[in-house]
Amino acid sequence: MRGLIGNISRYALHDGPGIRTTVFLKGCPLHCPWCHNPELISHEPEVAFYAERCISCGDCQAVCPEDAILMHGEKRIDHTRCTGCGLCTKSCPAIALVMIGREYELEELVEVLLRDRHFFEVSGGGVTLSGGEPTQQLEFTASLLERLHNEGIHTTIESNGIFPRETFASTCLDHLDLILFDLKCIDSAWHQEVVGRGNERILENLSCLLKTRARDVIVRIPVIPGHTATPENIGQIADHLRKLNVCRYSLLPYHPFGCSKAAALGKIQKNSLPEQAMEQDKLGQWQEFFHGIERVLP
Ligand code: SF4
Ligand code: SF4
């Protein structure tokens, strides 16, 4: 069994308790304009181009069998022609072309993750599956969680909440210690318009999860200027969480992480996002909406 992995990040401190290794799986059904990991939205491997490293040697153009390399203009790769063969990334002497997405056999990935077992044990950490949306590769994700849990590793998933509920419950849930559940807004029409899908399934999945695993769920709300960060939206989310008896929440301050990554893929993050990151201390006005619910730092 193989999974398509975008990145593996060791010694992560923000994706659950303790020191963690975070596995970023490719593929997401949403298109949030502020996505931190736009290179993980596609379900296929993609080539990213880092212009600042390029020495204009032309080796990539010489090896491309699809005539997809553009040596002039803003884009280096014509993604309508690129088949993802990876020849250009292997020939580039400057590591300016990088393949995003590599297939791992299940046991190969488990072996990589278990190398950090000592750090997990001394810090109370473990492994976090992120993305993308890890449940887009549900069979692989379920098998990976089961293997890790059988090894005694603490497991966390970061999810946008769009998953087939019964399959997730029967294959993943017993092997999860913590669920970081993203919630962007309550208004489904807004959700559809801004991130590409209505949110009915997300709200249903959250409600069902809380019935059995409330202490193991942290609801995470991205605070995005011009999008989610309005008193109406944050107020509706806070009211909804109180109604569902959510125990813990986090606010995720906006950061323009994804802009340069999107540019490397020849994409532009749109909808006039700010260039500056939001400071943690600017979250105070939004925290006030969540009185009665325990706040957890991301
Ligand atoms: S991945 Fe293959 S097809 Fe795509 S640009 Fe590189 S060499 Fe050409
Ligand atoms: S092979 Fe690498 S360094 Fe050379 S032109 Fe292509 S991207 Fe630039």
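Residues numbered from 1 in each chain as written. Chains lettered and ligands numbered in written order. Predicted model: local features only at pLDDT ≥ 70, side-chain atom pairs only at ≥ 80, totals over all residues. Heavy atoms only, no water.

A. Layout of the site of ligand 1. Close contacts around ligand 1 come from 13 residues, with Cys 64, Cys 82, Cys 85, Gly 86 and Cys 88 the closest. Its residues placed into classes, the shell around ligand 1 shows nine nonpolar, three polar and one charged. (Near = heavy atom within 4 Å. Nonpolar A, V, L, I, M, F, W, Y, C, P; charged D, E, K, R; others polar.)

B. Main features of the nonpolar core. By size, the foremost hydrophobic cluster in this structure holds 59 residues, and its most contacted members are Leu 144, Phe 168, Ile 221, Leu 241 and Phe 290. Once you skip the residues sitting within four places of it in the chain, Leu 241 turns out to touch Leu 183, Leu 206, Val 219, Ile 221, Val 246, Tyr 249, Phe 290 and Ile 293. (Core = buried A, V, L, I, M, F, W, Y, C linked by side-chain atoms within 4.5 Å. Buried < 20%, exposed > 50% of the residue type's maximum accessible area, 1.4 Å probe, protein only. Contact = heavy atoms within 4.5 Å.)

C. Structural context of the pattern of salt bridges. With the rule as written, the count across this model stands at 18 salt bridges. Note that Glu 103 is salt-bridged to Arg 2, the shortest N-O span being 2.8 Å. You can see Glu 103 sitting in strand β5 (residues 102-105) and its partner Arg 2 sitting in strand β1 (residues 2-12), a full 101 residues away along the chain. With a relative accessible area of 42%, Glu 103 lands in the partly exposed category. Since its relative accessible area comes to 46%, Arg 2 is described here as partly exposed. Ionic contacts of the salt-bridge type, sharing partners, join the residues Glu 107, Arg 117, Glu 121, Arg 147 and Glu 151 into one network. (Salt bridge = Lys/Arg side-chain N within 4 Å of Asp/Glu carboxyl O. Helix = DSSP H or I, 4+ residues; strand = E, 2+ residues; numbered from the N terminus.)

D. A look at the sheet that holds strand β8 (residues 178-182). Reading across the sheet, the nine strands line up as β5-β1-β2-β6-β7-β8-β9-β10-β11 and stay open at both edges, with mixed pairing between neighbours. Each edge of the open sheet carries a strand with a single partner, namely β5 and β11 (294-295). Taken together, the six bridges between strand β9 (residues 217-223) and strand β10 (residues 248-253) define a ladder with parallel strand orientation. By the bridge assignment for β10, Pro 222 is matched with Leu 252. Those strands touched by helix α8 (residues 200-213) are β8 and β9, and its axis lies near 155 degrees from that of β8. (Pairing = 2+ DSSP bridges. Axes fitted to C-alpha atoms, helices over the stretch in contact; angles between N-to-C directions.)

E. Spotlight on the domain arrangement of the chain. When the domains of the chain are assigned, the result is domain 1 (2-43 + 101-295) and domain 2 (46-100). Taking only C-alpha atoms, the centre of domain 1 and the centre of domain 2 are 31 Å apart. The partner domain 2 presents nine residues to the nine residues of domain 1 that form the contact. Across the domain 1/domain 2 interface, buried area totals approximately 730 Å², and carbon plus sulfur atoms make up 53% of it. The largest per-residue losses of area from domain 1 upon contact with domain 2 belong to Gly 101, Ala 264 and Leu 265, which jointly make up 60% of the total buried on that side. Summed over the shared surface of domain 1 and domain 2, the result is two salt bridges. Between Glu 46 and Lys 26 there is a salt bridge, with the nearest N and O atoms lying 3.4 Å from each other. (Domains from an automatic or database assignment. Buried area = accessible area lost by both parts, 1.4 Å probe.)

F. Looking closely at the packing of helix α3 (residues 106-114) against helix α5 (residues 138-150). Where α3 contacts α5, the two axes come as close as 10 Å, and the packing angle between them is 45 degrees. By the angle between their directions, the pair α3 and α5 is classed as oblique. Note on packing geometry: the crossing formed by α3 with α5 is right-handed. The residues of α5 that touch α3, namely those facing Leu 106, Glu 107, Leu 109, Val 110 and Leu 113, are Phe 140, Ser 143, Leu 144, Arg 147 and Leu 148. Here the contact of α3 with α5 is composed, by residue class, of seven nonpolar, one polar and two charged. (Parallel < 35°, antiparallel > 145°, perpendicular 65-115°, else oblique. Left-handed = near helix turned anticlockwise from the far one by under 90°.)

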